[in-house]
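Residue strings, one per chain:
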Amino acid sequence: MKSTIFPIICILSAMLAINSCNNAAPDKTQAKYIFLFIGDGMGQAQMAATESYLAYKNGELGGIGRLSFTKFPYTGMATTYSANKSITCSSAAGTALATGRKTNNHVLGQSPDGEPYRSYTYDLKDKGYRIGIISNVPVNHATPASFYAHAASRSDYYEISLQIPDTGFDFFAGDGFLDFNGKKGDKEDIDSIIESKGYTVSYGMTEYEAEKDAEKIILCQAANKKTASKDYVVEHTEDQDISLAEMVETAIDRFKADGKPFFIMAEGGTIDWASHDNRTMSMTEKVLELDAAIKEAYEFYLAHPDETLIVVTADHETGGLTLTDDNGEMFDWEMLEDSWEKADKQDVLSDEENAGLNGKANIGWSSTGHSGIPVPVYAIGKGAEKFSGCYDNTDISKKIMLAE
Ligand SMILES: [Zn+2]
């Protein structure tokens, strides 16, 4: 008896095994094309204010979906506290987003006592992904640097930049480099050192077009050629001709040609800077600048919907923005927009004048620093469902890497 039943059981279990293989085990492979967009300082209120402004431009009071990403099918909420503070800074938050681990404010890509953390960008590179690190603020600023560097202080800009050649990453883009010749201005040009190690640094699109066949490129604004990028300059000059959307478009164009997988992190860094200054109209323009870049990724997603993941989030909120200032029941976008245009979209208004305008427009800023409110997360595409719910900012990298 035993000798006849045993083979039958074997055959049955083999059939079951084959069957369960054929029965569509969920596809747990990683998206081939991954985009992570980080609006620095872009809390829920920054997005809501921008959508309210867009509604005003359309003669309406509100409505969701005026920004490209607010209608993405999966939404979540992420806490942002750092290892030592309730309210994070961009390097601790960037580290959490890039490595899945917390650190102290002002520390970058390593533990508070100096143990280097590995960003998953390196794991993706090992898996054959091309890597693009993009920001409209300097390449060595906290958020982009979190995805490639380690430093005891986020303001070790020179030392952070010198870590770029060792990454082997394919494409960087940003405003330029802070501390181009070191803190005291006595060191060798950052770009010369980086170029001596195999990278090409292109300043402006004209230079880029001539140099774009180089294997590894860092694309910077023309205005910053051979000079230090400036911190906290919100408005671009005429020479700063490359928009964040163009940077993302350039990365996609470079990467898509040979069909290899890629990961692109793109930061809208000036939303934070405008929010530190409580400049409402400038902030909405910066959110729209990020949105234009996200639209480039969304176009790509539409052509590759089964292989692409887009995640949009923030590192923290800035300015404690609330959409009321105890001044009636309407926002006065018309007055804010007029004043901003009269000021020629520059910081010619004093802080007092600016605060007065915000108050009259019923837009309330409670701080010139960061706040501790959780930030929204929006996702679409392959693996996007993982981003539903409430979690910590360290979980975002785990969700991208399917590590949980
Ligand atoms: Zn900030």
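In the block above lies the structure referred to throughout.
Residues numbered from 1 in each chain as written. Predicted model: local features only at pLDDT ≥ 70, side-chain atom pairs only at ≥ 80, totals over all residues. Heavy atoms only, no water.

Caption draft 1: Structural view of unusual backbone geometry. Even without being a glycine, Lys226 presents a positive backbone phi close to 55°. Inspection of the secondary structure assignment puts Lys226 in the loop between strand 6 (217–220) and helix 10 (244–256). Unusually for a residue other than glycine, Asp326 sits at a positive phi of about 60°. Take Asp326: it is sitting in the loop between strand 9 (321–322) and helix 13 (333–342). (Helix = DSSP H or I, 4+ residues; strand = E, 2+ residues; numbered from the N terminus.)

Caption draft 2: Fine view of the packing of aromatic side chains. All chains considered together, the criterion is met by 19 aromatic pairs. For the ring pair Tyr120 and Phe263, a centre distance of 5.6 Å and an interplane angle of 85° mean the geometry is edge-to-face. Pair noted here: Tyr120 is in helix 4 (residues 120–126) and Phe263 is in strand 7 (residues 262–268), with a separation of 143 residues, a long-range link. The two residues Tyr120 and Phe263 agree in class, both being buried. Site record: aromatic cluster; members linked through ring pairs are Tyr33, Phe35, Phe37, Phe255, Phe262 and Phe300. The ring centre of Tyr81 lies 3.8 Å from the NZ or CZ of Lys102, which sits over that ring. Of note, Lys399 hangs over the ring of Tyr391, and the distance from its end group to the ring centre comes to 4.4 Å. (Phe/Tyr/Trp six-rings, centres within 6.5 Å; stacked < 30°, edge-to-face > 60°. Buried < 20%, exposed > 50% of the residue type's maximum accessible area, 1.4 Å probe, protein only. Lys NZ or Arg CZ within 6 Å of the ring centre and 35° of its normal.)

Caption draft 3: Looking closely at the pattern of salt bridges. This structure, assessed with the given rule, holds 17 salt bridges. We note a salt bridge from Arg66 to Glu60, for which the minimum N-O separation is 2.4 Å. The salt bridge partner of Lys295 is Asp291, with a shortest N-O separation of 3.6 Å. Within this pair, Lys295 and its partner Asp291 are both found in helix 12 (residues 280–303), separated by four residues, close to a single helical turn. Residue Lys295 is classed as partly exposed on the basis of its relative accessible area of 43%. (Salt bridge = Lys/Arg side-chain N within 4 Å of Asp/Glu carboxyl O.)

Distances and angles like these do not, on their own, reveal function.
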